[in-house]
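Working through the structure, step by step
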Amino acid sequence: NQDCLVTRVATMLGGPNGAAGLPKVVHRLDRETSGVIVMALDAEAHRQLSRQFEQRTVHKRYIAVVHGVVEADSGAIELPMRKDRTPGAGPRHMIDHEQGRAARTLWRVLERYHDRTRLELEPITGRSHQLRLHLKSIGHPILGDDLYAAPPVVAMSGRLLLHAESLSFTHPASGRAMTVDAPCPF
């Protein structure tokens, strides 16, 4: 717990409290997911960026490698989700058509292989574990996903093959459109 992204960014900005205090987390990535994350350096920037996420004006693009060959070239997954409250479920979420919150994911095939498919994903909503659960729910869990994939699928990769490749938003101070990219490492 001593080593976290906020502490590292604060140190880069000039010490344990950084030049303007501790950076503020605006959105989150699952611990196993690599890629772009945006942090605010002050309370006003945090408010403005958080509002953009709430209003769904932020465009997010992820890359994932999933088990099996996805037949269609593109599609949408619209399945409501909620936290799985089953004893022992840990941090897992589940599809629940009665009590779940709406969740929507757009996807597009980038490349097909004999036993896996590389996808571009665009989460329209931003639910915890949304991409992981949605892909599992259509029969294509992400390789290396130790929460939602069967052991043989987990064993196909030494890590979760999910990467936040791009994030587009409006800069809170300048008002300019910005896109931040992190090339996919797999």
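A short tour of the structure in this document, coming up.

Calculation rules
Within every chain, residues take consecutive numbers counted from 1 along the sequence as written. Totals for whole chains, interfaces and linings use all residues, but because this is a predicted model, local features are given only for residues with pLDDT of at least 70 and pairs of side-chain atoms are given and counted only at 80 or more. Note that water and hydrogens are dropped before the side-chain values are worked out from all heavy atoms of the structure. Any two strands with at least two DSSP bridges between them are considered paired. Secondary structure elements are taken from DSSP: a helix is a run of H or I of four residues or more, a strand is a run of E of two residues or more, and numbering for both begins at the N terminus. Think of a 1 Å grid over just the protein atoms. A cavity is a set of points where a 1.4 Å probe fits yet cannot get out, a pocket is an open set with protein on both sides within 12 Å along at least five of seven lines, and lining residues have an atom within 4 Å of a point. Grid points are joined across faces, edges and corners, and a volume is the space filled by probe spheres set on the points. Polar here means any residue other than Ala, Val, Leu, Ile, Met, Phe, Trp, Tyr, Cys and Pro, which are nonpolar, and Asp, Glu, Lys and Arg, which are charged; Gly is therefore polar.

**Structural notes on the pairing of strand E4 (residues 59-67)**
- Bridge analysis of E4 against strand E10 (residues 162-170) gives 6 bridges, and the strand direction is antiparallel. Pairing of Arg 61 across the sheet is with Ser 166, part of E10.
- Sheet topology note: the E4/strand E9 (residues 116-123) ladder contains 6 bridges and is antiparallel. Bridge pairing in E9 links Val 65 to Arg 118.

**Concerning the layout of surface pockets**
- Of the voids in this model, the largest pocket is the one considered here, and its volume is about 1400 Å³.
- If you go around the largest pocket, you meet 39 residues; those closest to its centre are His 27, Arg 28, Leu 29, Asp 30 and Ser 128.
- Looking at the lining of the largest pocket, its residues break down into 15 nonpolar, 11 polar and 13 charged.
- By volume, the second largest pocket amounts to about 200 Å³.
- Along its surface, the second largest pocket is lined by 15 residues, and Met 39, Leu 49, Phe 169, His 171 and Pro 172 are the ones closest to its centre.
- For the lining of the second largest pocket, the secondary-structure elements that each account for two or more residues are strand E3 (39-40), helix H2 (43-54) and strand E11 (177-181).
- Among the residues making up the lining of the second largest pocket, the classes are represented as 12 nonpolar, 1 polar and 2 charged.

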